[in-house]
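These are the residues of each chain, in order.
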Amino acid sequence: MSPQVTVIDHPFVQHKLTLMRQADTSTAKFRQLMKEVGGLLAYEVTRDLPLKYAAIKTPLAPMHAPMLASDKKMVIVSIMRAGQGLVDGILELIPSARLGHIGLYRDPTTRIPIEYYCKLPHDIEHRDILVVDPMVATGNTAVAAVDRVKDFIPLSIKFLCLLAAPEGIANFHDHHPEVPLYTAAIDESLDEHGYILPGLGDAGDRLFGTK
């Protein structure tokens, strides 16, 4: 496996992912599970955040204690619409993060992503970016989203998803070999329609109850 791919195999993540995969999981339960998994995945993605030591005073004694060193807020970029399901959990861990949105939909015939919306925080060139989307299937949407973010020349980019297919990972790193990809699982393959197998269905439809 590429060193730029990290599979987050924590037992809680894997258990909750299995519940999400089940066809009879309700919309409300699916939504809650995605939020919980988003927060758990964020722990691993932020493992390398720099720390500084600050002088504080506990109820018993003064000490130098670790705190986050970054002076600039992280930016979470959600690929609409399903990315929002992961964002809510991440924001509970990093409430100071700024939030951007990129709207992309996949043409059903060509499977080429088409952008219909993009709104990102200002000063993105001075910030670290976490792009989130539950699925990396063909990888075309992930590639297009990172292409768009790179237009603003941020400090760094990471990509976080819930599920990925081998074909999607290969496509993503063909275009963005330097961008780390974090996922809870790498599934077997894609079907003839470009959906991940065994997967969990359409994450957006299951999240919002639209099908």
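Up top you'll find the structure we're talking about.
Model, not experiment: these values are computed from the prediction.

*Asks:* How should I be thinking about the packing of aromatic side chains in this particular structure?
*Replies:* Following the criterion strictly, the structure yields 2 aromatic pairs and no others. Consider the rings of Tyr-105 and Tyr-116, whose centres lie 6.3 Å apart with planes at 40°: the pair is tilted. One end of the pair, Tyr-105, is in strand β5 (residues 98–106); the other, Tyr-116, is in strand β6 (residues 113–119), and 11 residues separate them in sequence. Classification of Tyr-105 by relative accessible area gives partly exposed; the value is 41%. Classification of Tyr-116 by relative accessible area gives partly exposed; the value is 46%. Measuring from centroid to centroid gives 5.3 Å for Phe-159 and Phe-172, while their planes differ by 55°, and the two rings are tilted. Of this pair, Phe-159 sits in strand β9 (residues 156–164) while Phe-172 is found in helix α5 (residues 166–175), placing the two residues 13 residues apart along the sequence.

*Asks:* Whenever I open this one, unusual backbone geometry confuses me. Can you help?
*Replies:* A negative phi angle is the norm for most residues apart from glycine, just as the trans form is the norm for most peptide bonds. Omega for the bond connecting Met-80 with Arg-81 falls within 30 degrees of zero, at 5°, which places this linkage in the cis form. Summarising the element assignment, Arg-81 is placed in the loop between β4 (75–80) and α3 (84–93). One non-glycine residue, Asp-123, lies in positive phi territory at about 60°. Within the secondary structure layout, Asp-123 lies in the loop between β6 and β7 (128–132). Although it is not a glycine, Ile-153 sits at a positive phi angle of roughly 55°. Here Ile-153 shows up in the loop between α4 (140–150) and β9. What makes Ile-153 exposed here is its relative accessible area of 63%.

*Asks:* Is there a simple way to think about the side chain of Lys-158 in this case?
*Replies:* Relative to the helices and strands, Lys-158 resides in strand β9. Engagement of the side chain of Lys-158 in a polar contact is seen with the backbone oxygen of Val-45, the distance being 2.8 Å. Residues contacting Lys-158, with those up to four places away along its chain left out, are Val-45, Asp-48, Ile-129, Leu-130, Val-131, Val-179, Pro-180 and Tyr-182.

*Asks:* What exactly am I supposed to notice about helix α1 (residues 11–21) here?
*Replies:* One full turn of an α-helix is made of 3.6 residues, so residues set three or four places apart face in the same direction. All buried positions along α1 are accounted for by Val-13, Lys-16, Leu-17 and Met-20. Buried positions in α1, seen along its axis, are confined to an arc of 105° and lie on one side of it. If you follow the buried residues of α1, they end up packed against α2 (27–45), β9, β10 (181–186) and α6 (203–208).

*Asks:* Which parts of the structure should I look at to understand the environment of Arg-21?
*Replies:* Inspection of the secondary structure assignment puts Arg-21 in helix α1. Residue classification places Arg-21 among the partly exposed positions, given a relative accessible area of 25%. Sequence-distant contacts of Arg-21, that is, excluding residues within four places in its chain, are made with Leu-163, Ala-185, Asp-187, Pro-198, Gly-199, Leu-200 and Arg-206. There is a polar contact of 3.1 Å between the side chain of Arg-21 and the backbone oxygen of Gly-199.

*Asks:* How should the pattern of salt bridges be read in this particular structure?
*Replies:* It is possible for side chains bearing opposite charge to pair when their charged atoms get close. Tallied over the entire structure, the rule returns 9 salt bridges. A salt bridge links Glu-36 to Lys-16; the shortest N-O distance between them is 2.7 Å. In this pair, Glu-36 is assigned in helix α2 and Lys-16 in helix α1, connecting sequence segments 20 residues apart. A salt bridge links Lys-35 to Glu-92, with the nearest nitrogen and oxygen atoms 3.0 Å apart. In this pair, Lys-35 is assigned in helix α2 and Glu-92 in helix α3, connecting sequence segments 57 residues apart.

*Asks:* What should I look at first to understand a nonpolar patch on the surface in this one?
*Replies:* A surface patch of nonpolar side chains, amounting to about 390 Å² of accessible area, comprises Tyr-105, Ile-114, Tyr-116 and Tyr-117. No other element matches the 3 residues that β6 contributes to the nonpolar patch.

What counts and what doesn't
- Residues numbered from 1 in each chain as written.
- Predicted model: local features only at pLDDT ≥ 70, side-chain atom pairs only at ≥ 80, totals over all residues.
- Heavy atoms only, no water.
- Phe/Tyr/Trp six-rings, centres within 6.5 Å; stacked < 30°, edge-to-face > 60°.
- Helix = DSSP H or I, 4+ residues; strand = E, 2+ residues; numbered from the N terminus.
- Buried < 20%, exposed > 50% of the residue type's maximum accessible area, 1.4 Å probe, protein only.
- Polar contact = N/O pair within 3.5 Å; in protein donor to acceptor, adjacent residues only side chain to side chain.
- Contact = heavy atoms within 4.5 Å.
- Arc of directions from axis to C-beta.
- Salt bridge = Lys/Arg side-chain N within 4 Å of Asp/Glu carboxyl O.
- Patch = residues over 30% accessible without salt bridge, like charges linked within 9 Å, V, L, I, M, F, W, Y side chains within 5 Å.
- Areas by Shrake-Rupley, 256 points an atom, 1.4 Å probe, with all protein chains shown as cover.

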